[in-house]
Amino acid sequence: MMKRISLALVLLLLFGAVRMPLEQALDKEHEAAFFRGAKLNLQLREKIGQGSFLAALSGFRSIVADLLWIQANTAWQNTEWGKMVMIFDSVVTLQPRVIMFWDLAAWHMAYNASRAARDNPKQPREALRIKAQREYFELGKDYLERGIRNNPDRYTLYDRLGLLLRDKFEDHCGAAAAYAKAAEFPDAPGYEKRFAAYELSHCPGREREAYEMLLKIYNMGPEEHLPTLLSRLKAMQEKLNIPEDQRIKFSSEVE
Amino acid sequence: MSTTTTNHPPHRAFSPGRILAIASNTFLELVRQKVFYFLLIFAMVLIGSSAFMVNFTFQEKFQVLKDVSLGAMSIFTWLLAVLCTAMLLPKDIEDRTLYTILAKPVPRLEYLIGKLLGVLGLLAASTLVMAALFAIVLYSRQQLAIVEALSGADPNASKEQVAEMVREIKATTFTWSLIPGIVIIYLKAALFAALTLLISTFASSWIFTIVTSVAIYIIGHIQPIARDYWLTESGGTALTKVFLAIVSLLFPDLQLFNLVDDIVAGNAIATLLFLKTAALGVIYVLVYLFVAYFIFAKKEL
């Protein structure tokens, strides 16, 4: 019987040798299709603990990520921003393809933590409060940029980056670029191209480009004649001194 | 003196009918076992309760719901595969059913195929039940979320924005990619059923079979790390290299069947890629069955 078992082991080893190149090729195809992007390393093991790390390695990384996410929720309720960053880093390492984790991590840092830092009653010096606030803005931006690197095939994080650059950094040129990138995706909603044009119209030196973009959207049909579009188009016509005969005539209601 | 002749059909070396009889009998035996109901009910409670669990988290409710439900399906189909298969041969030996069947005569290969098909049938039935419950929970939560979103929507929101909101809810709940994900969960469990059957052909007790199977489950998930280290890293002693080579060649790469996490995250799986992964799963099952027969054929009973 032992001889039979030994021969069976040899058969399994031979099968292993045959399947290895096939599995490596399949592995590469999975990676190309954005599967198996999570990189579980020793740094993560230190952060999440041995048990969770083993569970993540054993095929339950999504559940481990969810449990950590619930912990982040508790940390948020206790306004423990530092702890939240640590948890978010672990969560996005475990599940880099979940857009929601990147999106909400960025939102918490750039919108909630930054506000808390700005209003921090324990910090009497305003300069330091502003500095802390800007650091949280940067942290939020960093989550979105890392999220985009992990999900280059989806538009959502470009959209969120556009929003963040517009609202928190007042970087209209950057926001226009992010919205334009989002608009390139075939499944992106129609407003991405409009937002790109609106932001470009606020970008110094690129008014002509913005005007042409707005005009192109305007010519797409009456369904695109939204109040903001008309208002930005009117503003661009004024700013670029477009000849009267080439101008679009707006009703007096358009600001 | 008269002779009577009976018209028995000639004995066939390989009979799908006999295999089907063993498979259906195995299926019925397993369905009657308490462990099946215990695991199935536990899985269904977990999937059902994930609908309520989502209230404890913020924002993305569906991520948790899908992760927990599919995670539960993955754990319980695997557990069912290991526990049910590990007890098949020892139980037949203990009840002496094995001797009755093999004395018929039924070839040992048919016996093993029948037993495995019985387990695979049970796994298919339980996967279907769990998937149906999951679909019901997901659909009801989706409808609730749409109603909540529409009632709470900004009255000034354009039709396009409302449509986008509804589209986003639908996209984050049910996608067709979940179906291949569930099929791959089933195939992983089938792989483990075949592997456990292989172990049980030489194991001395069913506890040994279960413990070995669980250990292989963990090693199988780390196998790609060992393989990459073996093939790409130049450092390390010769002994380490030999050890890594054995781990890489002997154990299955289970990470290849771990696609559901990324499918839940919104990854769409191409048909060809899914078929290749599924084919690999089927090959594993066939090879393990063949090796199980190789040992079982000469086993002294």
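Residues numbered from 1 in each chain as written. Chains lettered and ligands numbered in written order. Predicted model: local features only at pLDDT ≥ 70, side-chain atom pairs only at ≥ 80, totals over all residues.

(A) Region of the structure containing the overall build of chain B. Regarding its fold elements, chain B presents twelve helices and zero strands. From first element to last, N terminus to C terminus, chain B shows the α and β order α-α-α-α-α-α-α-α-α-α-α-α. Oriented by its inertia axes, the alpha-carbon framework of chain B measures out at about 100 × 65 × 35 Å. Taking all 301 residues of chain B together, 42% fall into the buried category. (Helix = DSSP H or I, 4+ residues; strand = E, 2+ residues; numbered from the N terminus. Buried ≥ 20, exposed ≤ 12 C-beta atoms within 10 Å, placed from the backbone.)

(B) A look at the overall build of chain A. From N to C terminus, chain A includes eleven helices and zero strands. When the elements of chain A are put in sequence order from the N terminus, they spell out α-α-α-α-α-α-α-α-α-α-α. For a compact globule of 255 residues, the expected C-alpha radius of gyration is about 18 Å, and chain A comes in at 26 Å, more than 25% above that figure. C-alpha atoms of chain A, sized along the principal axes, occupy 100 × 55 × 25 Å. Counting contacts in chain A only where the partners sit at least 6 residues apart, residues at least 24 apart contribute 47% of the total. (Rg over C-alpha atoms; globule rule 2.2 N^0.38 Å. Contact = placed C-beta atoms within 7 Å.)

(C) Looking closely at the packing of helix H3 (residues 50-77) of chain A against helix H9 (residues 206-232) of chain B. Two elements in contact, H3(A) and H9(B), have axes separated by 8 Å at closest approach and are oriented at 80°. Between H3(A) and H9(B), the interaxial angle falls into the category roughly perpendicular. Listed contacts from H9(B) to Leu57(A), Ser58(A) and Gly59(A) of H3(A) are Tyr217(B), Ile218(B), His221(B) and Ile222(B). Its residues assigned to classes, the contact of H3(A) with H9(B) shows four nonpolar, three polar and no charged. (Axes fitted to C-alpha atoms, helices over the stretch in contact; angles between N-to-C directions. Parallel < 35°, antiparallel > 145°, perpendicular 65-115°, else oblique. Nonpolar A, V, L, I, M, F, W, Y, C, P; charged D, E, K, R; others polar.)

(D) The arrangement of the confidence of the model for chain B in detail. Looking at chain B, the pLDDT average stands at 85 and 93% of residues meet or exceed 70. Two summary scores accompany this predicted model of the complex, namely pTM at 0.84 and ipTM at 0.84. (pLDDT = per-residue confidence, 0-100.)

(E) Highlighting the interface of chain B and chain A. Of the residues lining the interface, 46 residues belong to chain B; the matching set on chain A comes to 39 residues. At the level of secondary structure, the elements contributing two or more residues to the side of chain B that touches chain A comprise helix H3 (61-86), helix H7 (159-173), H9, helix H10 (238-250), helix H11 (260-264) and helix H12 (271-296) of chain B. It is H12(B) that contributes the most residues to the side of chain B that touches chain A, eight residues altogether.

(F) Layout of the packing of helix H9 (residues 191-200) of chain A against helix H10 (residues 207-218) of chain A. All names here are of chain A. The geometry of H9 relative to H10 is characterised by a closest axis approach of 8 Å and an angle of 150° between their N-to-C directions. Considering their axes alone, H9 and H10 lie roughly antiparallel with respect to each other. Where H9 crosses over H10, the handedness of that crossing is left-handed. Across the interface between the two elements, Lys193, Arg194, Ala197 and Leu200 from H9 touch Glu209, Ala210, Met213, Leu214 and Ile217 from H10. A class-by-class count of the residues in the contact of H9 with H10 yields six nonpolar, no polar and three charged. (Left-handed = near helix turned anticlockwise from the far one by under 90°.)

(G) Molecular detail of the nonpolar core. Counting 136 residues, the largest nonpolar core has Ala193(B) and Ala194(B) as the members making the most contacts within it. Apart from residues lying up to four places away in sequence, Ala194(B) is in contact with Leu116(B), Tyr284(B), Val285(B), Tyr288(B) and Leu289(B). (Core = buried A, V, L, I, M, F, W, Y, C linked by C-beta atoms within 7 Å.)

(H) Representation of H12(B) in the model. With 26 residues, H12(B) should reach 38 Å at 1.5 Å per residue; the first-to-last C-alpha distance of 37 Å fits that figure. Those residues of H12(B) that are buried lie in contact with helix H1 (2-32) of chain A together with helix H6 (108-151) and helix H8 (178-200) of chain B. (Expected span 1.5 Å × (residues − 1).)

(I) Just the environment of Ile248(A), in detail. Residues and elements named next belong to chain A. Within the secondary structure layout, isoleucine 248 lies in the segment after helix H11 (227-239). When the 15 C-beta atoms within 10 Å are taken as the criterion, isoleucine 248 is described as partly exposed. In this structure, the C-alpha to C-alpha distance between isoleucine 248 and aspartate 142, residues 106 residues apart in sequence, is 41 Å.

(J) How the structure looks around the environment of Asp119(A). Structurally, the position occupied by Asp119(A) is in the loop between helix H5 (99-118) and helix H6 (126-150). As for Asp119(A) and Trp102(A), which are separated by 17 residues in sequence, their C-alpha atoms are 25 Å apart.

(K) Local environment of unusual backbone geometry. Non-glycine residue Thr79(A) carries a positive phi angle of around 50°. Under the C-beta neighbour-count criterion, Thr79(A) is labelled exposed, with 11 such atoms within 10 Å.

(L) Highlighting the environment of Thr100(B). Residue and element names in this part refer to chain B. Here threonine 100 is to be found in helix H5 (residues 97-102). Overall, the presence of 11 C-beta atoms within 10 Å leaves threonine 100 in the exposed class. Measuring from C-alpha to C-alpha, the distance between threonine 100 and tyrosine 284 comes to 30 Å, with 184 residues separating the pair along the chain.

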